[in-house]
Amino acid sequence: LVVKEVAGKPGEMIKKGMHGVAGGGVGATGEASGGWRSAAGFRMAAGPTVFSKGPDFIDYNQVGFGDNDFKRQLLMLFMYSRVGPVIEKADLDKDGREDLFISGDKVRPARMYMQRENGRFEAAGYSLGSEDSSTTAAAAFFDANGDGWPDLYIAKGGYSLWEPKTPVLQDVLYLNDGKGGLIRAAGALPDVSASAKSCVRPCDFDNDGDIDVFVGGRVVPGQYPVTPRSYLLVNDGKGHFSAVSTPFDHVGMVTDARWIDLDGDGRKDLVICGEFMPVMVFMNTAAGFVDRTADYFGKASPGFWNVLAVADLDGDGKPDIIAGNLGLNSCIKISDAQPAELYYADFDHNGSIDPFFNFYMQGVSYPFVSRDELNEQMYSMRKKFGSYKDYSTATMKDILSPQELSQAGKLTATESRTVCWMNRGGHFDQIPLPGEAQFAPVCRVVTGDFDGDGKTDVLLLGNHSDNRLKMGSMDANYGCLLRGDGRGGFSYVTQPAAGMSVRGDVKSAIEVEIGGAKYLVIGVAEGRVQFYKER
């Protein structure tokens, strides 16, 4: 069941499938009074809204490559090739206006888009890499060589076509030439090509005056879910980086990370999340990084975490955390008592990893793989399960021997909700979010005082459509705005009142000042880059 506000009957429960509408003021028939209908089918409010659709300052409509990761590994739950468009901002030429980096696609290279007077954007005359030869997975601007100008780090990722430890997965650093141009810095980075990446988080973690970088490892192409390598790159102060060993080098399939000084010692600590991982805390001590996850979060809550956002949500001066997860509007139902489990190994000894995902139904943990998929993955199973009836009650103990199960890798997930953790000084308390926050996967989070009441609000963006066919598209998030009460509580702002109608899989979302006004810039896979003006 999905809760949907029906006109005149708030909170009425109506039955919806995985495409349940996350909206208010829309009746079961799809009609509502007043306003105008958006592209998503909502009647938008006739009065002032929190956001309003802005003009297309940049004409960018992403064209995908049509990658199918399942042809490489049939039994994965999701695809990992669609990671763009990646959008980041910096005042590259120091003219007082924020410029945008947008990654490329099938028909255009990655470029800088320079902001000019009156909110105009101009494509720079140079490219920053073609998506034909590598995939831009993440990026960040920071001053790498200490000259006072923003430089650009581009992390490489993707899945379907690329191999680990090859040049296509080697990250790139571009240095600012002091005139608003970017020049590739050859030899500035160590070899970081062992995995596809997910995030780039600059920080002077060692307090030596230069900016270092954490680069999250997302997945090893062709070997899901083998643990990828993540990197902490130390800067020599001149823009040359070296990788150092840390406790989080092989922490898991990282999706995001944030630097936060949790204990007030002046050293930034690292908070990491990922797929089949808990949200983890690594304290930055004089002796090195130490895993203090249990101290801050108590029991581990591994999940399908996609993103972290940090903000002071209750006004106590301490950083709180919003963590985006899979949500509750899917066929995957998990809990501490009934976790999802992923067994993986090269069970048939053919050189490829066989991942078997399981979750509980009616009190029994069953493999998600169908008989046909199992037979396709492992030919030896054709004789073991001669009919669909034979397979209908099979569990992992029936598919694999005790020895195979004992030697297999195993990952678990117990939490699928998007959550808020309030910082209580030395530990985090989880507080519930409105039900609308769970309608779809949350992949991007933006925080700010969007409604102008002096309190921090939270905007959740996401959706995930490139899933296994039997999972279907999880696309019921059109921009979920949660109004903060200044004490750590939140209430859902209906879609018409929010003024936001974002369709598709959101891959990037940042606030940018354009022509003196604040806008949200939202990048959607195989869709237009969208601009929403804040109130």
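The structure presented is a predicted model; accordingly, all values stated were derived computationally and were not measured.

How each quantity is defined
- Residues numbered from 1 in each chain as written.
- Predicted model: local features only at pLDDT ≥ 70, side-chain atom pairs only at ≥ 80, totals over all residues.
- Heavy atoms only, no water.
- Helix = DSSP H or I, 4+ residues; strand = E, 2+ residues; numbered from the N terminus.
- Polar contact = N/O pair within 3.5 Å; in protein donor to acceptor, adjacent residues only side chain to side chain.
- Contact = heavy atoms within 4.5 Å.
- Pairing = 2+ DSSP bridges.
- Axes fitted to C-alpha atoms, helices over the stretch in contact; angles between N-to-C directions.
- pLDDT = per-residue confidence, 0-100.

(A) A look at the side chain of asparagine 477. Assignment of secondary structure puts asparagine 477 in the loop between β32 (457-462) and β33 (480-484). Separated by 2.6 Å, the side chain of asparagine 477 and the backbone nitrogen of glycine 479 make a polar contact. Contact partners of asparagine 477, with chain neighbours within four places excluded, come to Ala440, Val442, Leu460, Leu461, Gly462, Asn463 and Val502.

(B) A look at the sheet that holds strand β24 (residues 320-324). Here we have four strands laid out as an open sheet, ordered β23-β24-β29-β30, and antiparallel in their pairing. The strands lining the two open edges of the sheet, one partner per strand, are β23 (307-311) and β30 (428-431). When strand polarity is set aside, the average angle formed by the axes of neighbouring strands in this sheet is 25°.

(C) Inspection of the sheet that holds strand β11 (residues 151-157) at higher detail. Pairing in this open sheet of four strands is antiparallel, and the strands run β10-β11-β12-β13 from one edge to the other. Each edge of the open sheet is held by one strand with a lone partner, namely β10 (135-142) and β13 (182-184). Strand-to-strand twist across the sheet, computed as the mean angle between neighbouring axes with direction ignored, equals 25°. Pairing of strand β12 (residues 172-176) with β13, which is carried by three bridges, proceeds in the antiparallel orientation. Each residue of the ladder has a partner; that of leucine 175, found in β13, is isoleucine 183.

(D) Inspection of the confidence of the model for the chain at higher detail. Mean pLDDT over the chain works out to 91, with 91% of the residues at or above the 70 mark. In the predicted structure, residues 1-40 sits below a pLDDT of 50 and forms 91 contacts with residues beyond four places in sequence or in another chain.

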